[in-house]
Amino acid sequence: MTEKENEEVMPLLTPYNMGNFNLSHRIILAPLSRSRSYNFVAQPHAALYYSQRTTKGGFLIGEASGVSETAQGYPNTPGIWTREQVEGWKPIVSAVHEKGGTFFCQLWHAGRVSDHSFQPDGQAPISCTDKRIQKDISNSAAATNRYTPPRPLRTNEIPMIVNDFRIAAKNAIEAGFDGVEIHGANGYLLDQFLKDKVNDRDDEYGGNIQNRCRFPLQVVKAIVDEIGADKVGVRLSPFADYNDCGDSDPQALGIYMAQSLSQLGILYCHVIEPRMVTQFQKFDTKWSLMPIRKAFNGTFIVAGGYNRSEGNQVIASGDADLVAYGRLFLANPDLPTRFEVDAELNEPDPNTFYTHDPVIGYTDYPFLQSAS
Ligand code: PHB
């Protein structure tokens, strides 16, 4: 195929019906923590950030939002458990809707990726285990010094955490979000239960795959019952061991989750590519997401270092329905337009990913027409 013919096809720019949501293209904003939500409340400047990245018919997933006062582990990430937090999100969601976007809220609990300074009354963070994280997502052993040894949840406490997720989902809908994505990836609380290198429980929430998946699936079921399966997605990273959270049989884990999520009838499954062994680099791997894709009936979203041509390929081959772009979308608010005309891309600046300025590294990446 010539370059010209390739341009004409542009699979990433074809429409796609994701359940009730009629998307005009396949380039979606990945959930990205931006650490600009002071005092855990999403701020007005986020309205500009998200609306810059909105296209008519585009799909955006919001940054990880804590579901309860025990859920936080980093400074200035938003929450969705208090009235003030729900009110904070409303104008942001409206700004996305005004431009014709579909916007989901990512629901998150950090679990042991936290320290006592983030916890009510300075308590220990909660997890499935009492094992302390040894290397966090930055892959730096030094950065993990701050993490406090976690406290394993008692069996009879788990329904309370399920309930926190349920209420957070209800709050997200009240804030105007079109749906929620449950964060089951990257070594945070739900992933801590899923993965056998962390989960060392001997109750019905530990041991075999079925038991390790029980709590995350109870969270999904509670949210499905609360807001409807047609508004629920789940993000998974079975192959990653970010935040010291790996599994000895990631493919079996991914397939079991995909089958169970299909039974619950959720809208989409969003999975991080096995090649993302570290956050920022792609590695060769023998693994593929295909068995997981085949085990899931709904919309399948892939993420993990995709560029324009890889995105077009994965859509054209049918291996995915949608592609989530993180760093490229962060640095290029008009990413779909840039892909359409095959324009040069702004380089993301990792130094400002998680800084707290309301403009710098956040809403000041130039659009195509203003790029020098
Ligand atoms: C992640 O999913 O990797 C993640 C979530 C929340 C953060 C940072 C990273 O604040």
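Residues numbered from 1 in each chain as written. Predicted model: local features only at pLDDT ≥ 70, side-chain atom pairs only at ≥ 80, totals over all residues. Heavy atoms only, no water.

Going by an unreviewed UniProt entry, the chain carries the name NADH:flavin oxidoreductase/NADH oxidase N-terminal domain-containing protein and comes from Lupinus angustifolius. What UniProt states about the chain under its Cofactor (unreviewed entry) heading is, verbatim, "FMN". Of the chain, the UniProt comment under Sequence similarities (unreviewed entry) reads exactly: "Belongs to the NADH:flavin oxidoreductase/NADH oxidase family." (UniProt positions renumbered as here; feature names shortened; annotations may be inferred.)

### Notes on the nonpolar core
Of all hydrophobic cores here, the largest spans 87 residues; its most connected members are Tyr50, Ile80, Leu107, Phe215, Ile223, Leu261 and Tyr325. Among the elements that make up this core, the one with the highest residue count is helix H6 (residues 209–227) (ten residues). Dropping the residues within four chain positions of it, Leu261 is found in contact with Leu217, Val220, Val234, Leu236, Ile266, Cys269 and Phe296. In this structure, Tyr16, Leu23, Tyr268 and Ala324 belong to the second largest nonpolar core, which totals 15 residues. (Core = buried A, V, L, I, M, F, W, Y, C linked by side-chain atoms within 4.5 Å. Buried < 20%, exposed > 50% of the residue type's maximum accessible area, 1.4 Å probe, protein only. Helix = DSSP H or I, 4+ residues; strand = E, 2+ residues; numbered from the N terminus. Contact = heavy atoms within 4.5 Å.)

### What to know about the environment of Ala169
The residue Ala169 is located in helix H4 (residues 158–174) in this model. On the basis of relative accessibility, which here comes to 0%, the residue Ala169 falls in the buried class. The spacing of Ala169 and Val67 is 102 residues in sequence and 8.4 Å in space, taken between C-alpha atoms.

### Quick notes on H4
Over its 17 residues, H4 extends 25 Å from the first C-alpha to the last, a length consistent with the 24 Å expected when each residue adds 1.5 Å. Buried residues of H4: Ile158, Ile161, Val162, Phe165, Ala168, Ala169, Asn171 and Ala172, and no others. Positioned one or two residues after H4, Gly176 has a phi angle of 110 degrees, which is positive. (Expected span 1.5 Å × (residues − 1).)

### Description of the site of the ligand
Contacts to the ligand come from Ser33, Ala64, Tyr74, Thr77, Trp108, Ile137, His183, Asn186 and Tyr188. Within the contact set of the ligand, an oxygen atom lies 2.5 Å away from a side-chain nitrogen or oxygen of Ser33. The separation between an oxygen atom of the ligand and a polar side-chain atom of Asn186 is 2.8 Å. When the ligand sits alone it has 280 Å² of accessible area, and the protein chains cover 88% of it. Grouping the amino acids of the shell around the ligand by side-chain chemistry returns five nonpolar, four polar and no charged. (Near = heavy atom within 4 Å. Polar contact = N/O pair within 3.5 Å; in protein donor to acceptor, adjacent residues only side chain to side chain. Areas by Shrake-Rupley, 256 points an atom, 1.4 Å probe, with all protein chains shown as cover. Nonpolar A, V, L, I, M, F, W, Y, C, P; charged D, E, K, R; others polar.)

### As for the packing of aromatic side chains
Tallied over the entire structure, the rule returns 20 aromatic pairs. Look at Trp89 and Phe177: their rings are 5.2 Å apart centre to centre, the planes differ by 65 degrees, and that puts the pair in the edge-to-face class. Linking Trp89 in helix H3 (residues 83–98) with Phe177 in the loop between H4 and strand S8 (179–184), this pair joins segments that are 88 residues apart in sequence. Neither Trp89 nor Phe177 differs from the other in exposure class; each is buried. Grouped by ring-pair contacts, the aromatic residues Tyr49, Tyr50, Trp89, Phe103, Phe177 and Tyr362 constitute a single cluster. When the ring centre of Tyr306 is taken as origin, the NZ or CZ atom of Arg275, which lies over that ring, is 4.6 Å away. (Phe/Tyr/Trp six-rings, centres within 6.5 Å; stacked < 30°, edge-to-face > 60°. Lys NZ or Arg CZ within 6 Å of the ring centre and 35° of its normal.)

### Regarding the UniProt feature "domain: NADH:flavin oxidoreductase/NADH oxidase N-terminal" (unreviewed entry) in the chain
Mapped onto the present numbering, the UniProt feature "domain: NADH:flavin oxidoreductase/NADH oxidase N-terminal" (unreviewed entry) falls on residues 12–344. Its end C-alpha atoms 17 Å apart, residues 12–344 is made of 32% helix and 16% strand.

### Thoughts on helix H7 (residues 250–264)
Under the 1.5 Å per step criterion, the end-to-end length of H7 is 21 Å for 15 residues, consistent within 8% with the ideal 21 Å. Along H7, the positions that sit buried rather than exposed are Pro250, Leu253, Gly254, Met257, Ala258, Ser260, Leu261 and Ser262. Those residues of H7 that are buried are in contact with helix H5 (189–194), H6, strand S9 (232–236), strand S10 (268–272) and helix H8 (290–295). Directly after H7, the chain includes Gly265, whose backbone phi takes a positive value near 75 degrees.

### Section: the packing of H6 against H7
Where H6 contacts H7, the axes come no closer than 10 Å and their chain directions differ by 30 degrees. Comparing the axis directions of H6 and H7 gives the class roughly parallel. Seen from above, H6 lies across H7 with right-handed handedness. Together, Ile209, Gln210, Arg212, Cys213, Pro216, Leu217, Val220, Lys221 and Val224 of H6 and Ala252, Leu253, Tyr256, Met257, Ser260, Leu261 and Leu264 of H7 make up the contact between the two elements. Its residues placed into classes, the contact of H6 with H7 shows twelve nonpolar, two polar and two charged. (Axes fitted to C-alpha atoms, helices over the stretch in contact; angles between N-to-C directions. Parallel < 35°, antiparallel > 145°, perpendicular 65-115°, else oblique. Left-handed = near helix turned anticlockwise from the far one by under 90°.)

### Some points on unusual backbone geometry
For Phe40, which is not glycine, the phi dihedral falls at a positive 65 degrees. Relative to the helices and strands, Phe40 resides in the loop between strand S3 (27–29) and helix H2 (45–52). Notably, Asn186 is not glycine yet its phi reads approximately 60 degrees, a positive angle. Topologically, Asn186 is positioned in the loop between S8 and H5.

### Quick word on the pattern of salt bridges
Counted according to the given criterion, the structure contains 18 salt bridges. One salt bridge in this structure joins Glu87 and Lys90, with 3.0 Å as the shortest N-O distance. Highlighted residues: Glu87 and Lys90, both in helix H3, separated by three residues, approximately one helical turn. The exposure class assigned to Lys90 is partly exposed, which follows from its relative accessible area of 26%. Here the residues in one salt-bridge network are Arg83, Glu87, Lys90 and Glu174, joined through shared partners. (Salt bridge = Lys/Arg side-chain N within 4 Å of Asp/Glu carboxyl O.)

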